[in-house]
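# Secondary and tertiary structure notes
What follows is the residue order along each chain.
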Amino acid sequence: MKEIKSKDVKKFLVNNIVPIIFIVLCAACIPVAGYSGQYLVDQIITRIVRNSFLVLSLLIPIMAGMGLNFGMTLGAMAGQIGLIFITAWNIVSIPGLLLAAIIATPIAILLGWFCGKMLNMAKGREMITSYMISFFMNGVYQLVVLYGMGSVIPIHANQVILPRGYGARNTIDLLNVRKSIDNFWSIKLFTDENGMGGITIPLLTLILIAILCVIIIWFRKTKIGQDMRAVGQDMEVAREAGIKVERTRILAIIISTVFAAYGMIIYLSNMGTLNTYNYHSQIGMFSIAALLVGGASVSKASIKNVFLGIILFHLMFILTPQAGRNLIGQAQIGEFFRVFVSYGVITLSLVLYEIRTRREKAESAQTLALSQTQEANA
Amino acid sequence: MKSAKEIFDLRFFVRLACIVVIIALAIFLYNFGKQRTLYVDNWTTEINGTSYKAEDWAMVEVDDLGAQEYGQRVRRGIPLRGKTHTISITYDDRSFNEIELPVVEFSLPYDATLISIPGLVAGLPVEECLSELVVQAPPAEEAPAAADDGMSGDAGFGDMSMGF
Amino acid sequence: MEKVMSAVKAFGLPRLIITLFLLALFVIAPFAGINVGASITDVLGRFGQNAIMVLAMVPMIHSGCGLNFGLPLGIISGLLGATLAIETGITGPVSFILAILYSTPFALIFGWGYGKLLNRVKGSEMMIATYVGFSSVAFMSIMWLILPYSSPTMVWGYTGNGLRTTIATDGFYYHILRDSLVLKLGSLSISFGEILFFAVFAFIIWAFLHTKTGTAMTAVGSNAVFARASGINIDRQRTLSVIMSTWLGALGILCYQQGYGFIQLYQGPMYMAMPAVSAILIGGASVNKASITNVIIGTILYQGIVSMTPSVMNSLIHTDMSEVLRIIVSNGMILYALTRKTGASR
């Protein structure tokens, strides 16, 4: 009996090694960094608000068995293009963000459709392909934004276009829409007498995120959601059951891309500045790393993973530079360290996933062989 | 090949309606959310060849954003959302009588519009008191963006770890 | 007509377009006021600089490990060798040999570990290789800061610790191959030193692939089931190929540094795999098939476009869009290779 128990513990540890490493890491860093609990909670809430929409957008392709959608970068690009337009037109606050979302949607659908088509041509290596698509599209995005805007696309606003007359600026100020969703309805807790500090809870954004979670849960139960899960389980079986496999897969990617575009709009409206040529390429890596830190794998991810992942990953992000400064006297090491951790986590999760699937395959083959020999004996 | 009847079924019209509604919403949002700046201006100005002297003192309220005092040669920019707005002016005449002008409604024709108080006080129609303010381009604050895909290797770690 | 079509198909449409594009560039160049001799010199120089890194793709493709997106790992071994060689303070050609010698053990150890890892994740090597490369670059970024290097040419002047982001190879092995055996014809100068250096390694790889071990490696890549049936140790062959690729990567970066003139540390190697991968694909390789010819053609085409487009474009339309075009072409090429049906067996 006891043996089984220790085996269970070991299995639990192996299956959840990434979150466990992170919990230990964060626990070790908290006293070293020396931040107050209140500050940390406030920061974590800010980051949940910023990032959860983006990370949630990764769930549906995983459900459809297409792995981690590195192509979410495409959605981020669409969102950024929407924001560039509304900034150039000077559309402010929530109407501005809504309009940005409306502009981003068709672009995201188009990009998602392209990505889905490509991934259907590269079944079995969706991840590396979606990764290369994000690189390729980054080139196209630069062509459009850096050379097309102002020369082909009629945008001439000073706050967006470079002085040379075409091309978007490196950084675009989003003051017009900054925190407009967050400040629409938020409450402050534990503030001091000057109304400073404390914990800010932006209710409206949290409600939006909750709605998305509900949509995802509901979506799993719809016909198309069921189809996606079937395709994710086994493409051939699904095809025989009459499911249009290719169409379902494209749909999964389109939905993910559109959500990523909205997520990017929420993220950037919270940040207040747009780094035109950098943010979209980083956002994919960080969102994926956060999801994996939450204990998700290439084939299985839930909403629980999303929030646990964001909390742990961003706790590490907040803590390491300060911990590095206090420990070694160099904040730079902390920064390098967190980049290393982001990449390392993705590597570790991918490797562990592969090893686990292979072992499971071998085990099922063994049981199959065993049952066959038993049958033969009987 | 699908027949026309198959293509133009109920589903098609529902989708068409959705798209139309979304486009209408987008246009509405564009007009409703567009921010224009109104520069309320109390300088001596020339309109249609006549010169109007700046008022010594005036109280001006745009929409219901609170009244503000304007001395001579004062110009303030007020960011406004939407197109149609109102302005109410109270001013002193030469014998220090406070005179309140009737509330004037106007719409903003430019992204940066100048509205002249002396002109309004002189009783000119509001359209003639509006003019476009040409804002000088802000000085070139940054070098042209480098095409940085991260492939060239100089998209530093500094970028990657910035305030995420 | 049919014949032409099948020839085009065999050559590959993207490759044909790229070749024609490069030819067009060379035709336009004189009219745009560009010295063709100097351009060819530039292309050949770039070829010599980059060819070995492209060659590093070959062994892994042969053994069925796919495109070596983990090239940064080999590059890091090369960087360790280079920095150690400079740390000794020995200047001149000897430092190049020292750098090769020092980087070799690292390449062997890293390659061995990397190979073992890839053996456990058969089927999704490329994705994991990419991230192994990235993680190792990020890890070494920390190491470059804290490793106890002390040579004044390398460490930051004002703090006295931590290596610089770029280190000049001047005085050590700058242009050690580039300036040897040079043939000058007017503005055209051909450095046979570099080309010979590449030729030696290309020949070694070619010869190796025709030995018994080499054919076994190819067998593993082309048909693993058959290879296992004929008693070949698959994992050993794969590990060997990964070690070779890693070592060639280390050599490749040293060769690159001698031509380029600088050692790039920290995030420098991050994306260096992409140009190499896309070069060999442009040369006609696929995810599971590659030859030395692919390497040579691919490197010339890729580097030709990279060096010719900016100058031609700049003089024609006064806008330098070449960087963006390069991104689209090189990544598009990788994408094309990944989505081709023939490569979809793995």
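Just so it is clear, the structure is predicted and the values come from calculations on it, not from any experiment.

With that out of the way, let us pick up the overall build of chain C. What chain C contains, in helices and strands, is 14 helices and four strands. Burial status across chain C gives 53% buried among its 346 residues. If you take every contact in chain C between residues at least 6 apart in sequence, the share linking residues at least 24 apart comes to 74%.

Looking only at helices and strands, chain A has 15 helices and four strands in total. Taken over the C-alpha trace, chain A has a radius of gyration of 23 Å; the compact-globule value for 378 residues is 21 Å, and the two agree within 12%. Expressed as lengths along the three principal axes of its C-alpha atoms, the size of chain A is roughly 85 × 50 × 35 Å. Within the span of chain A, comprising 378 residues, buried residues form 51% of the whole. For chain A, restricting intrachain contacts to residue pairs at least 6 apart in sequence, the fraction spanning at least 24 positions comes to 71%.

A few words now on the environment of H156 of chain A. All names here are of chain A. On the secondary structure map, H156 appears in the loop between α7 (126-148) and β1 (171-173). Given 12 C-beta atoms within a 10 Å radius, H156 is considered exposed. Separated by 68 residues in the primary sequence, H156 and A88 have C-alpha atoms spaced 7.4 Å apart. Contacts of H156, omitting those with residues within four sequence positions, involve G150 and I161.

Chain C puts 28 residues into the contact, and the matching count from chain A is 35 residues. With 13 residues, the top contributor of residues to the side of chain C that touches chain A is helix α7 (residues 125-146) of chain C.

All names here are of chain B. Here we have four strands laid out as an open sheet, ordered β6-β1-β10-β11, and mixed in their pairing. With one partner strand each, in any of the chains shown, β6 (75-81) and β11 (130-132) form the two edges of the open sheet. Geometrically, the sheet is characterised by an average inter-axis angle of 30° between neighbouring strands, direction not taken into account. Looking at chain direction, strand β10 (residues 112-116) and β11 are connected through three bridges and run antiparallel. Following the sheet pairing, T113 is matched in β11 by E132.

Moving on: the environment of I311 of chain A. All names here are of chain A. Relative to the helices and strands, I311 is located in helix α14 (residues 303-328). The class of I311 is buried, set by 20 C-beta atoms lying within 10 Å. Each C-alpha atom of the pair I311 and V293 lies 9.3 Å from the other, and the pair is 18 residues apart in sequence.

We now examine helix α6 (residues 93-120) of chain C. For α6 of chain C, spanning 28 residues, the distance from its first C-alpha to its last is 41 Å, which sits close to the expected 40 Å at 1.5 Å a residue. For α6 of chain C, the principal kink sits at T104 of chain C and spans about 30°; a proline, P105 of chain C, occurs within the next four residues.

Residue and element names in this part refer to chain C. Between helix α5 (residues 71-88) and helix α11 (residues 234-260), the least distance of the axes is 7 Å, while the angle of their chain directions is 55°. By the criterion of interaxial angle, the relationship of α5 to α11 is oblique. Considering only the axes of α5 and α11, their crossing is right-handed. Here L71, L73, G74, I75, S77, G78, L79, G81 and A82 of α5 lie close against α11, whose contacting residues are S245, T246, W247, L248, G249, A250, L251, I253, L254 and Q257. Looking at the contact of α5 with α11 residue by residue, the classes come out as eleven nonpolar, eight polar and no charged.

Of all hydrophobic cores here, the largest spans 240 residues; its most connected members are I265 of chain A together with M57 and A276 of chain C. If one sorts the elements of this core by residue count, helix α12 (residues 245-271) of chain A sits on top with 15 residues. The contacts of A276 of chain C, once residues within four sequence positions are left out, are M53, V54, A56, M57 and L71 of chain C. Among the nonpolar cores identified, the runner-up in size contains 16 residues, and A58, Y91, F106 and L120 of chain B belong to it.

On to helix α8 (residues 192-209) of chain C, then. Given 3.6 residues to a turn, an α-helix orients residues that are three or four positions apart in the same direction. Residues and elements named next belong to chain C. Taking 1.5 Å as the rise per residue, α8 with 18 residues should run 26 Å; its terminal C-alpha atoms sit 25 Å apart, in good agreement. What α8 keeps buried is the set E194, F197, F198 and I205. The arc enclosing the buried residues of α8, seen along the axis, measures out at 90°, which places them on a common side. Away from its buried face, by an angle of more than 90 degrees, α8 presents the exposed residues V200, F203 and A207. If you follow the buried residues of α8, they end up packed against α3 (36-55), α4 (57-62), β3 (188-191), α11 and α13 (292-317).

The phi dihedral of K179 of chain A falls on the positive side, at around 55°, and the residue is not glycine. With respect to the helices and strands, the residue K179 of chain A is situated in the loop between β1 and α8 (180-184). Classification of K179 of chain A as partly exposed rests on a count of 19 C-beta atoms within 10 Å. Positive phi, normally seen in glycine, also occurs at Y266 of chain C, with a value near 50°. Residue position: Y266 of chain C is located in the loop between β4 (262-264) and α12 (273-282).

Residues and elements named next belong to chain A. Between helix α2 (residues 17-33) and α14, whose axes approach to 8 Å, the crossing angle comes to 40°. In this view, α2 runs oblique relative to α14, as classed from their interaxial angle. You can see that α2 and α14 cross each other, and the crossing is left-handed. Contacts between α2 and α14 involve P19, F22, I23, L25, C26, C29, I30, V32 and A33 from the former and L308, L312, L315, M316, L319, T320, Q322, A323, N326 and L327 from the latter. When the residues that make up the contact of α2 with α14 are grouped by side-chain class, the tally is 16 nonpolar, three polar and no charged.

A few words on the confidence of the model for chain C. Across chain C, the average pLDDT comes to 85, with 97% of residues at 70 or higher. Across the assembled chains, the prediction reports ipTM 0.83 with pTM 0.84.

Tracing the backbone shows Y35 of chain A in the loop between α2 and α3 (37-56). Those residues in contact with Y35 of chain A that lie beyond four places of it in its chain are L40 and Q322 of chain A.

What counts and what doesn't
- Residues numbered from 1 in each chain as written.
- Chains lettered and ligands numbered in written order.
- Predicted model: local features only at pLDDT ≥ 70, side-chain atom pairs only at ≥ 80, totals over all residues.
- Helix = DSSP H or I, 4+ residues; strand = E, 2+ residues; numbered from the N terminus.
- Buried ≥ 20, exposed ≤ 12 C-beta atoms within 10 Å, placed from the backbone.
- Contact = placed C-beta atoms within 7 Å.
- Rg over C-alpha atoms; globule rule 2.2 N^0.38 Å.
- Pairing = 2+ DSSP bridges.
- Axes fitted to C-alpha atoms, helices over the stretch in contact; angles between N-to-C directions.
- Expected span 1.5 Å × (residues − 1).
- Bend = angle between axes of the 7 residues up to and from the residue.
- Parallel < 35°, antiparallel > 145°, perpendicular 65-115°, else oblique.
- Left-handed = near helix turned anticlockwise from the far one by under 90°.
- Nonpolar A, V, L, I, M, F, W, Y, C, P; charged D, E, K, R; others polar.
- Core = buried A, V, L, I, M, F, W, Y, C linked by C-beta atoms within 7 Å.
- Arc of directions from axis to C-beta.
- pLDDT = per-residue confidence, 0-100.

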